[in-house]
Amino acid sequence: MERKNVLIPQADLDRQREFEEKIRAMFASREAHPVACVDTFGCQQNVADGQKLMGMLADCGFTFTQDPKEADLVILNTCAIREHAEDRVFGNLGALTHTKKENPEQVIALCGCMAQEPRVSERIRKSYPHVDLVFGPQALWKFPELLWQVYETHKRVFSVQDEHGTIAEGIPVVREKGVKAWVSIMYGCNNFCSYCIVPYVRGRERSRDPQCVLEEVRQLVEAGYKDITLLGQNVNSYGNDLDLDYHFPDLLADIDKIPGEYLIRFMSSHPKDATKRLFDVMAASPHVAKQLHLPFQSGNDRVLKEMNRRYTRQQYLDLVNYAKSVMPGLVLTSDVIIGFPGETEAEAMDTVSLVEEVGFDALFTFIYSPRPGTKAAEMPDPATRAEKQTWFDKLLEVQNHMSAKLHAAYVGKTVRVLVDGESDDPEFPLTSRTEGNRLVRLKGDKALIGQFIDVTVTGSNTWALYGEAV
Ligand code: SAH
Ligand code: SF4
Ligand code: F3S
C-alpha cells in the first residue's frame, strides 16, 4: 500500500515550540508559576498521549498537581470506549464548575477520544460553557497553539475536525519515573470491529517510521528504562501502510538487537493478523517478554462474525496453541465482551468454554456497552442487563479459578523479576513483575527497585504471587 503523506512537516512542529515560548513568556511577565492538572482516562495509548501533553506543558513552564483545585489549567484526557467512561468524565466536568467559580482564571480543557465525537463536542458547546478548549487526539501535536489561542483571545476554542490521522515526531514527553515506558509505534485503527468507537475517534491506521521507533527505544534503554511496551491498537498491522516491506516481526527483531538489560512487550495484537512468524521471532528474541495479550472477544463463531473480527474460534485456538508450542511458559491474557447484541446464553457459554480451554493468566472482561455511531449500536439487543450480568459472573468465576490455579503452580519455584516499585503492604513492601508481567509482591529492600533479581515464590492468590529475594 502506498504511504500517504501523513507526517507533520518539521516547520509546523517548530512553530508549536514557538507557541510554547509565548506561553512561557506570558506567565514570566506576570511573575506567575503556572500549575496544570492532567487527568488521563482509558488505555495506554491515552496514557502515552497524556505524557506528551505534560511534555508540551513543561516546555510552557507548567509544573504539575493532581488536585484540580490548585490548578491554573485542568485537562481531562478522555476515553470513549464504554458509556461508563464517558459518564465519569461528564461527572468530573460538572464538578469543575466549582473550581472555576473559586478561580475564574482557571482554564479547562477536554481532549482525548471523547472530544473527537461530534455528539460530545456539541454537548460541551451547548451545556458546559466553562470548558475553554476541546481538541481530539488528531490535534494533539498542535496543543501549544490551541492553548495560546485560549490565552490570547479569551474565547472558547474547538479543534475537533477529522483530519484522518497524522504523525508528529519529536513531541516532548514527561515520562513516569521508574522502569516502565510506553512507545506508540502506530496510531489509529482500520478494523471497525462493529462494537468499537476507536476507529471513529483515532482515525486511520498509520505507522511510525521504523528508524524513529528504534531510536526512541535505544534512548529509553540508555536512560535506564527496563520494561518497555510498544503500543498500537493492532501492532500486527504495523508497517502495512509504509512504503517498505517491513512488518511488526521485523521491528521486534531489530529492537531485540539493541544492547542492554531490558524487556520489550507489546499490545494489542489482533488475532486476524497474528502470524506464526511473529511467535517465532518472539521465541528467538531474548529481550522480548514471553507474554502475549491476544484479545479474542468471543468464543462463538456467529458472534465473532457479527463483531467483524474476521477469525473463528478454531483459528484463535490454533494460533494460541502454536504460540505455546514455541514458547513454553508463555503468559497469555485477553479481552472479552459479554452481552454483544443478540448474543444468547449458549453463545456466551462458548466464550466461557474457550476461557476454560485456553487457560489465560488474566482476562479483561467487559459487558457490552452500545457506542452511538457504531454498527452494533443499531443491532437488536434483546437480552436483559440482568441476564448478561449472570453470564458475566459465570465467566469471572471460571477465570478467577483459573488465575488462582495458574498462580498456585508457581509456589516453591524461583523466578526472575524486575522490581518496579513500592506497595502499601508492610509485610511485602515491594512490587515486581515476572517476564510474563505477573505481579509478585516482595519482601526486600527499597534499594532493589529497578533491578532484575531472582525470587522464590512463597505464596499466591487470584491476583498476585508473593515472594522473597533468593
Ligand atoms: N485495539 C485493541 C482494543 C482496544 S479497546 C484490540 O483490538 O485488542 C479495549 C477493549 O475494550 C477491547 O478489546 C474490547 O474488549 C473492549 N471494548 C471495546 N468496545 C467495547 C464496547 N462497546 N463495549 C464493551 N467493551 C468494549
Ligand atoms: Fe476497536 Fe477492533 Fe480496532 Fe481494537 S481492533 S481498536 S477492538 S476496532
Ligand atoms: Fe479509550 Fe481511546 Fe483508548 S476510546 S480505550 S482512550 S483509544
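As the structure is a computational prediction, the values presented were derived from the model and not from experiment.

1. Considering the overall build of the chain
- Helix and strand content of the chain: 13 helices and 19 strands.
- Against the 2.2 N^0.38 benchmark of 23 Å for 470 residues, the chain shows a C-alpha radius of gyration of 23 Å, consistent with a compact globule.
- For the chain, the share of sequence-separated contacts (at least 6 apart) that also reach a separation of at least 24 residues comes to 74%.
- In the form shown here, the chain has an accessible surface area of approximately 20,600 Å², with 52% of it arising from carbon and sulfur atoms.
- One way to put it: in the chain the 54 positive side-chain charges average out to a point 2 Å from where the 67 negative ones average out.

2. So, the UniProt feature "domain: TRAM" (unreviewed entry) in the chain
- Taking the numbering used here, the UniProt-annotated feature "domain: TRAM" (unreviewed entry) corresponds to residues 408–470.
- What you have in residues 408–470 is 2% helix and 52% strand, and the ends, taken at the C-alpha atoms, are 19 Å apart.

3. Description of helix H3 (residues 83–102)
- Here H3 spans 30 Å end to end across 20 residues, near enough to the 28 Å set by a 1.5 Å rise per residue.
- Those residues of H3 not exposed but buried are Ala85, Glu86, Val89, Phe90, Leu93, Leu96, Thr99 and Lys100.
- The inward-facing, buried residues of H3 contact strand E3 (73–78), strand E4 (107–112) and helix H4 (118–127).

4. Considering the pairing of strand E13 (residues 331–338)
- Within E13, eight of the eight residues are buried, which leaves it mostly tucked inside the rest of the structure.
- Side chains Val331, Thr333, Asp335 and Ile337 of E13 all project onto a buried face; the interleaved residues Leu332, Ser334, Val336 and Ile338 project onto the opposite face, where all are buried too.
- Bridge count for E13 against strand E14 (residues 362–367) is six bridges, and the pairing is parallel. Looking at E14, one finds that Ile337 is bridged to Phe366.
- On the question of chirality, the crossover connecting E13 to the parallel E14 by way of helix H12 (residues 345–358) is right-handed.

5. A few points about the domain arrangement of the chain
- Splitting the chain by domain gives domain 1 (3–159), domain 2 (180–407) and domain 3 (414–469).
- Put simply, the middle of domain 1 and the middle of domain 3, counted by C-alpha atoms, are 37 Å apart.

6. Observations regarding the site of ligand 1
- Near ligand 1 there are 15 residues, and of these Tyr195, Gln233, Gln297, Asp335 and Ser369 occur at the shortest range.
- Here Tyr195 contributes a backbone N or O atom positioned 3.0 Å from a nitrogen atom of ligand 1.
- Contacts to ligand 1 include Asp335, whose side-chain N or O atom sits 2.7 Å from an oxygen atom.
- Against a free-state accessible area of 550 Å², the protein chains account for coverage of 90% of ligand 1.

7. Topic: the site of ligand 3
- In the vicinity of ligand 3, the contacting residues are Cys43, Asn46, Cys79, Ala80, Ile81, Cys113, Val198, Arg202 and Gln233.
- Among the residues forming the shell around ligand 3, the class breakdown is six nonpolar, two polar and one charged.
- Both domains that meet at the shell around ligand 3, namely domain 1 (3–159) and domain 2 (180–407), each give it at least three residues.

8. Observations concerning empty space enclosed by the protein
- With the rule as written, the count across this model stands at one cavity of 30 Å³ or more.
- Taken together, 13 residues form the lining of the largest cavity, with Pro137, Leu140, Thr166, Tyr187 and Arg206 sitting closest to its centre.
- The residue inventory of the lining of the largest cavity, partitioned by class, reads seven nonpolar, two polar and four charged.
- No fewer than three residues from each of domain 1 (3–159) and domain 2 (180–407) sit in the lining of the largest cavity.

9. A few points about the packing of aromatic side chains
- Enumeration over the complete set of coordinates arrives at 12 aromatic pairs.
- Ring centres of Tyr195 and Phe340 lie 6.5 Å apart, and the angle between their planes is 85°; this geometry places the pair in the edge-to-face category. Of this pair, Tyr195 sits in the loop between strand E8 (186–187) and helix H6 (198–202) while Phe340 sits in the loop between E13 and H12, and the two are 145 residues apart along the sequence.
- Tyr195 sits in the buried class, given a relative accessible area of 11%.
- Measuring from ring centre to ring centre gives 5.0 Å for Phe248 and Phe266, while their planes differ by 75°; the resulting arrangement is edge-to-face. Of the two residues, Phe248 sits in helix H8 (residues 248–256) while Phe266 sits in strand E11 (residues 263–267), which places them 18 residues apart along the sequence.
- Residue class for Phe248 comes out buried when judged on its relative accessible area of 1%.
- An aromatic cluster is built from Phe296, Tyr311, Tyr316 and Phe360, whose rings are joined through pairwise contacts.
- A cation over a ring is seen here: Arg125 above Phe158, with NZ or CZ 4.1 Å from the ring centre.

Basis of the calculations
- Counting starts from 1 at the beginning of each chain's written sequence and moves along it residue by residue.
- Numbering of ligands from 1 and lettering of chains from A proceed in the order in which they are written.
- In keeping with the predicted nature of the model, local features appear solely for residues at pLDDT of at least 70, side-chain atom pairs appear and are counted solely at 80 or more, and the whole-chain, interface and lining totals rest on all residues.
- Hydrogens and water molecules were not included; the side-chain quantities draw on all heavy atoms of the structure.
- In this text, helices come from DSSP runs of H or I with a minimum length of four residues, and strands from runs of E with a minimum of two, each type numbered from the N-terminal end.
- The globule rule used here is 2.2 Å times the number of residues to the 0.38 power, and the radius of gyration it is set against is calculated over C-alpha atoms.
- Contacts were defined at the residue level, with two residues in contact if any of their heavy atoms lie within 4.5 Å.
- Each accessible area is a Shrake-Rupley estimate made with a 1.4 Å probe; only the visible protein chains count as cover when residues are assessed.
- Asp and Glu are treated as the negative residues and Lys and Arg as the positive ones, with His and the ends of the chain left uncounted.
- Throughout, a charge is located at the NZ atom of Lys, the CZ atom of Arg, the CG atom of Asp or the CD atom of Glu.
- UniProt positions are given in the numbering used here, feature names are shortened, and annotations may be inferred rather than shown by experiment.
- A helix's residues, less one, multiplied by 1.5 Å, set its expected span.
- Each residue is assigned to one of three classes by its accessible area relative to the maximum for its type, calculated with a 1.4 Å probe on protein chains only: buried under 20%, partly exposed between the two thresholds, exposed over 50%.
- Two strands are counted as paired when DSSP detects at least two bridges linking them.
- Crossover handedness is defined by viewing with both strands directed away from the observer: a clockwise path from the first strand over the helix to the second marks the crossover as right-handed.
- An automatic or database domain assignment provides the domain bounds reported here.
- Any residue with a heavy atom positioned within 4 Å of a molecule or strand is treated as near that molecule or strand.
- The term polar contact refers here to a pair of N or O atoms within 3.5 Å; inside protein, the definition further demands a hydrogen-donor-capable atom paired with an acceptor-capable atom, and it admits residues adjacent in sequence only when both atoms are side-chain atoms.
- Side-chain classes follow a simple rule in which Ala, Val, Leu, Ile, Met, Phe, Trp, Tyr, Cys and Pro form the nonpolar group, Asp, Glu, Lys and Arg form the charged group, and the remainder, Gly included, forms the polar group.
- Of the grid points, spaced at 1 Å and generated over the protein atoms alone, those admitting a 1.4 Å probe that cannot get out make up cavities, while open sets with protein on both sides within 12 Å along at least five of seven lines make up pockets; any residue with an atom within 4 Å of a point is treated as lining.
- Grid points are joined across faces, edges and corners, and a volume is the space filled by probe spheres set on the points.
- Note on ring pairs: Phe, Tyr and Trp rings are taken, using the six-membered ring of Trp, and paired if centres are within 6.5 Å. Classes follow the plane angle, with under 30 degrees stacked, over 60 edge-to-face and the rest tilted.
- Sitting over a ring, as applied to charges here, requires NZ of Lys or CZ of Arg to be within 6 Å of the ring centre and within 35 degrees of the ring normal.

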